[in-house]
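Remarks on the overall topology
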Amino acid sequence: MDLGGHHKDNFVQLCNPNVATLKEDVLYHFGLSTGTHDLSAMFGDVKFVCVGGTPSRMQSFIRYLASELGFDQPGADYPNICEGTDRYSMFKAGPVLSVSHGMGIPSIAIMLHELIKLLYHARCSGVTIIRIGTSGGIGLDPGSVVITQQAVDACFKPEFEQIVLGKRIVRSTSLDEQLVRELVECSAFLNEFPVIVGNTMCTLDFYEGQGRLDGALCCYTEKDKQEYLQAAYSAGVRNIEMESSVFAAMCRACGLRAAVVCVTLLDRLKGDQISSPHEILLEYQQRPQRLVGYFIKKSLGMP
Ligand code: R2B
Ligand code: URA
């Protein structure tokens, strides 16, 4: 398997010495535990992890990928590995794991703590992790796919801030530049829909947090909104979503090669409501899956 060199032997690392001292580690929100599951046997071969908001999208991704990779057995389906809980869903086909994370920073952060520990307990190495998601675009045609250069906060800073023990902790949100280039190459080869590289703004809210005028609360005018989105555009922001900053920060800290690939569902300079027909939105959501599916296939030497 050609995994592109330097990250081949990189074992997933934790930034926490306490975990190694635990007799049993319960991954509560996955319904898995080192005491009851042989995590090495279940996950030791994982090389690619894709995460996205909803269980159904992550299940359809694994079905699509399995058929693309030729892992599909007649009549076989991909059961939810986290069937003991309905917090998150997880599916596996060969070396690819597909996990749902819900909406927003707190939800994806909890999932990532347990996912990274799962990969650590399973002694996984050379893992690439990609978030495939939806977003609002700025100045892009709906359906455009944005590969994130930098995840930035609502003040356009490439940082993730969290309060830990009552103090502000700031972590970098830099992503793997080489992985961005590899994904761009794949998109040029596929040439099926517009793909651009740009900064992704990660917010704490879908409505006021993203400058929408149509929430239950709104304390600004259309003009204020346009000024903010224009300032974001000038800072290189091309799309807005709700998970990329903590995703980038946590993956970086634990030595995971990470990327964010999101489709835009609308152009926020032109409106706030997502009102395109369901079938159109469904097709848009398959675009990051097609790009990342192709990238995985190519990485596994199966063009
Ligand atoms: C994109 O879409 C969701 C909000 O509709 C959120 O999870 C995100 O980042
Ligand atoms: N997801 C977001 O977070 N914002 C949008 O505008 C669309 C999808």
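On a predicted model such as this, the values are computed, not experimentally measured, just so you know.

Quick notes on the side chain of Glu241
Looking at the element boundaries, Glu241 is found in strand 11 (residues 237-241). Setting aside chain neighbours within four positions, we find Glu241 in contact with Arg131, Thr134, Ser135, Thr200, Met201, Cys202, Thr203, Gln210 and Cys262.

Describing the packing of aromatic side chains
Tallied over the entire structure, the rule returns five aromatic pairs. Between Phe48 and Phe295, the aromatic rings sit 6.2 Å apart at their centres with planes inclined by 90 degrees, giving edge-to-face as the arrangement. Here Phe48 is found in strand 3 (residues 48-52), whereas its partner Phe295 is found in helix 7 (residues 278-299), with 247 residues between them in sequence. Residue class for Phe295 comes out buried when judged on its relative accessible area of 1%. Judged by centre distance (5.0 Å) and plane angle (75 degrees), the rings of Phe206 and Tyr207 are edge-to-face. Overall, the relative accessible area of 28% leaves Phe206 in the partly exposed class. The side chain of Arg123 reaches across the aromatic face of Phe11, ending 4.8 Å from its centre.

Remarks on the packing of helix 2 (residues 55-69) against helix 7
Their axes nearest at 10 Å, the elements helix 2 and helix 7 cross at an angle of 40 degrees. The angle between helix 2 and helix 7 falls in the class oblique. The way helix 2 lies across helix 7 gives a crossing that is right-handed. Residues Arg57, Ser60, Phe61, Tyr64, Leu65, Glu68 and Leu69 of helix 2 form the contact with helix 7, whose own contacting residues are Gln285, Gln289, Arg290, Val292, Gly293, Ile296 and Lys297. For the contact of helix 2 with helix 7, the per-class residue count stands at six nonpolar, four polar and four charged.

Regarding unusual backbone geometry
Phi angles above zero are rare outside glycine, and Leu165 is one such case at about 50 degrees. Tracing the backbone shows Leu165 in the loop between strand 8 (159-164) and strand 9 (167-172). Owing to a relative accessible area of 81%, Leu165 belongs among the exposed residues under this scheme. At Asn191, a residue that is not glycine, the phi angle is positive and equals roughly 50 degrees. By the element assignment, Asn191 lies in the loop between helix 4 (177-190) and strand 10 (195-202). Of the residues examined, Asn191 reaches a relative accessible area of 64% and is grouped as exposed.

Things to note about the nonpolar core
In this structure, Phe30, Val49, Leu115, Leu119 and Ile129 are the most contacted members of the largest nonpolar core, which totals 42 residues. Put simply, the parts of the chain that give this core at least two residues each are helix 1 (39-43), strand 3, strand 5 (96-100), helix 3 (105-121), helix 6 (244-253) and strand 12 (257-267). With nine residues, helix 3 is the largest single contributor of residues to this core. Each residue touching Val49, except ones within four places of it in the same chain, is listed here: Leu97, Val99, Leu115, Leu119, Val127, Thr128, Ile129 and Ile130. In terms of nonpolar packing, the next biggest core, distinct from the first, is built from 33 residues, Leu183, Val263, Tyr284 and Tyr294 among them.

Quick notes on the site of ligand 2
Thr134, Ser135, Gly136, Phe206, Gln210, Arg212, Ile240, Glu241, Met242, Leu266 and Ile274 make up every residue found near ligand 2. In this structure, an oxygen atom belonging to ligand 2 sits 2.7 Å away from a side-chain N or O atom of Arg212. Calculation on ligand 2 without its partners gives an accessible area of 240 Å², and the protein chains cover 93% of this total. Contributions of two or more residues to the shell around ligand 2 are made by strand 6 (128-137) and strand 11.

Considerations on the pairing of strand 9
Two elements, strand 8 and strand 9, share six bridges in a ladder whose sense is antiparallel. Following the sheet pairing, Ile163 is matched in strand 9 by Arg168. Between strand 8 and strand 9, which follow one another and run antiparallel, lie two residues, and Leu165 among them has a positive phi close to 50 degrees.

Digging into the confidence of the model for the protein chain
Low pLDDT marks stretches whose predicted atomic positions should not be read closely. Of the residues in the protein chain, 97% reach a pLDDT of 70 or more, and the chain-wide mean stands at 95. Highest mean pLDDT in the protein chain belongs to strand 11 (99); lowest belongs to helix 2 (96). The model gives residues 1-8 a pLDDT under 50, and that stretch makes 10 contacts with residues more than four places away or in other chains.

Description of the packing of helix 3 against helix 6
Packing of helix 3 against helix 6 brings their axes to within 9 Å, and their N-to-C directions diverge by 25 degrees. Classed by the angle they form, the pair helix 3 and helix 6 counts as roughly parallel. As helix 3 runs across helix 6, the sense of the crossing is right-handed. Contacts between helix 3 and helix 6 involve Ile105, Ile108, Ala109, Leu112, His113 and Ile116 from the first element and Ser245, Val246, Phe247 and Met250 from the second. Residue composition of the contact of helix 3 with helix 6, by class: eight nonpolar, two polar and no charged.

Notes on the pairing of strand 3
With five of five residues buried, strand 3 lies mostly within the body of the structure. Burial of the side chains of strand 3 extends over both faces: Phe48, Cys50 and Gly52 are buried on one face and Val49 and Val51 on the other. Where strand 3 and strand 5 come together, five bridges link them in parallel fashion. Across the sheet, Cys50 pairs through a bridge with Ser98, a residue of strand 5. Here strand 3 pairs with strand 6 via four bridges, running parallel. By the bridge assignment for strand 6, Val49 is matched with Ile129.

Reading guide: rules and limits
Residues numbered from 1 in each chain as written. Chains lettered and ligands numbered in written order. Predicted model: local features only at pLDDT ≥ 70, side-chain atom pairs only at ≥ 80, totals over all residues. Heavy atoms only, no water. Helix = DSSP H or I, 4+ residues; strand = E, 2+ residues; numbered from the N terminus. Contact = heavy atoms within 4.5 Å. Phe/Tyr/Trp six-rings, centres within 6.5 Å; stacked < 30°, edge-to-face > 60°. Buried < 20%, exposed > 50% of the residue type's maximum accessible area, 1.4 Å probe, protein only. Lys NZ or Arg CZ within 6 Å of the ring centre and 35° of its normal. Axes fitted to C-alpha atoms, helices over the stretch in contact; angles between N-to-C directions. Parallel < 35°, antiparallel > 145°, perpendicular 65-115°, else oblique. Left-handed = near helix turned anticlockwise from the far one by under 90°. Nonpolar A, V, L, I, M, F, W, Y, C, P; charged D, E, K, R; others polar. Core = buried A, V, L, I, M, F, W, Y, C linked by side-chain atoms within 4.5 Å. Near = heavy atom within 4 Å. Polar contact = N/O pair within 3.5 Å; in protein donor to acceptor, adjacent residues only side chain to side chain. Areas by Shrake-Rupley, 256 points an atom, 1.4 Å probe, with all protein chains shown as cover. Pairing = 2+ DSSP bridges. pLDDT = per-residue confidence, 0-100.

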